[in-house]
Amino acid sequence: MLTAARTEEIVGRYGRKPGDTGCPEVQVALLSERIRQITEHLRTHGHDHHSRRGLLLLVSQRRSLLNYLKREDIERYRTLVESLGLRG
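Parameters at a glance
Residues numbered from 1 in each chain as written. Predicted model: local features only at pLDDT ≥ 70, side-chain atom pairs only at ≥ 80, totals over all residues. Heavy atoms only, no water. Helix = DSSP H or I, 4+ residues; strand = E, 2+ residues; numbered from the N terminus. Contact = heavy atoms within 4.5 Å. Lys, Arg positive; Asp, Glu negative; His and termini not counted. Charge placed at Lys NZ, Arg CZ, Asp CG, Glu CD. Core = buried A, V, L, I, M, F, W, Y, C linked by side-chain atoms within 4.5 Å. Buried < 20%, exposed > 50% of the residue type's maximum accessible area, 1.4 Å probe, protein only. Salt bridge = Lys/Arg side-chain N within 4 Å of Asp/Glu carboxyl O. 1 Å grid on protein atoms, 1.4 Å probe; cavity = no way out; pocket = protein on both sides within 12 Å on 5 of 7 lines; lining within 4 Å. Points joined across faces, edges and corners; volume = space filled by probe spheres on them. Nonpolar A, V, L, I, M, F, W, Y, C, P; charged D, E, K, R; others polar.

## Some words on the overall build of the protein
- Along the backbone of the protein there are four helices and zero strands.
- Secondary structure of the protein in N-to-C order comes out as α-α-α-α.
- For the C-alpha atoms alone, the extent of the protein along its principal axes is close to 40 × 30 × 20 Å.
- A sequence separation of at least 24 residues applies to 44% of the contacts in the protein between residues at least 6 apart.
- Within the protein, the 11 negative side-chain charges are centred at a point lying 6 Å from the centre of the 16 positive side-chain charges.

Right, here's the structure in full:
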């Protein structure tokens with residue numbers, strides 16, 4: 001689970017203005033953090049298929065947001081992919 005402090009940190013770093021949780025950059029960054037946490041969980045609990053399904057849903061949602069951002073503003077997309085260390 002993301003703590004409130006970690007969420008605020010991510011929103012502050014990727015948001016366009018303070019408290020901006022709606023822009024695609026913030027949403028992708030928050031999803032990426034949750035994906036990292038669930039991936040770590042699955043490394044130790046390999047038979048947890050319910051969490052694996054949740055992970056696949058999060059990855060799909062992140063991919064949709066990245067596709068939207070790429071379609072709307074390619075420079076913001078490239079900057080985000082580079083800062084998060086994603087393949088793009």
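Anyway, onward from the coordinates.
## Quick notes on the nonpolar core
- Core analysis: the biggest nonpolar cluster contains 21 residues, and Y14, V26, V28, L66, L80 and L84 have the highest contact counts within it.
- The greatest single-element share of this core, amounting to seven residues, is contributed by helix α2 (residues 24-44).
- If we ignore the near neighbours within four places in the chain, the residues touching L84 are Y14, V28, A29, S32 and R36.

## Focus on the pattern of salt bridges
- In total, this model carries six salt bridges according to the counting rule given.
- A salt bridge links R6 to E33, with the shortest nitrogen-to-oxygen separation between them at 3.0 Å. Of this pair, R6 sits in helix α1 (residues 4-14) while E33 sits in helix α2, and the two are 27 residues apart along the sequence.
- Put simply, R6, E9, E33 and R36 are held in one network by salt bridges that share partners.

## A short note on the layout of surface pockets
- Estimated volume of the largest pocket: approximately 170 Å³.
- Surrounding the largest pocket, V59, R62, R63, L66, G85, L86 and R87 form its lining.
- Classifying every residue of the lining of the largest pocket gives three nonpolar, one polar and three charged.

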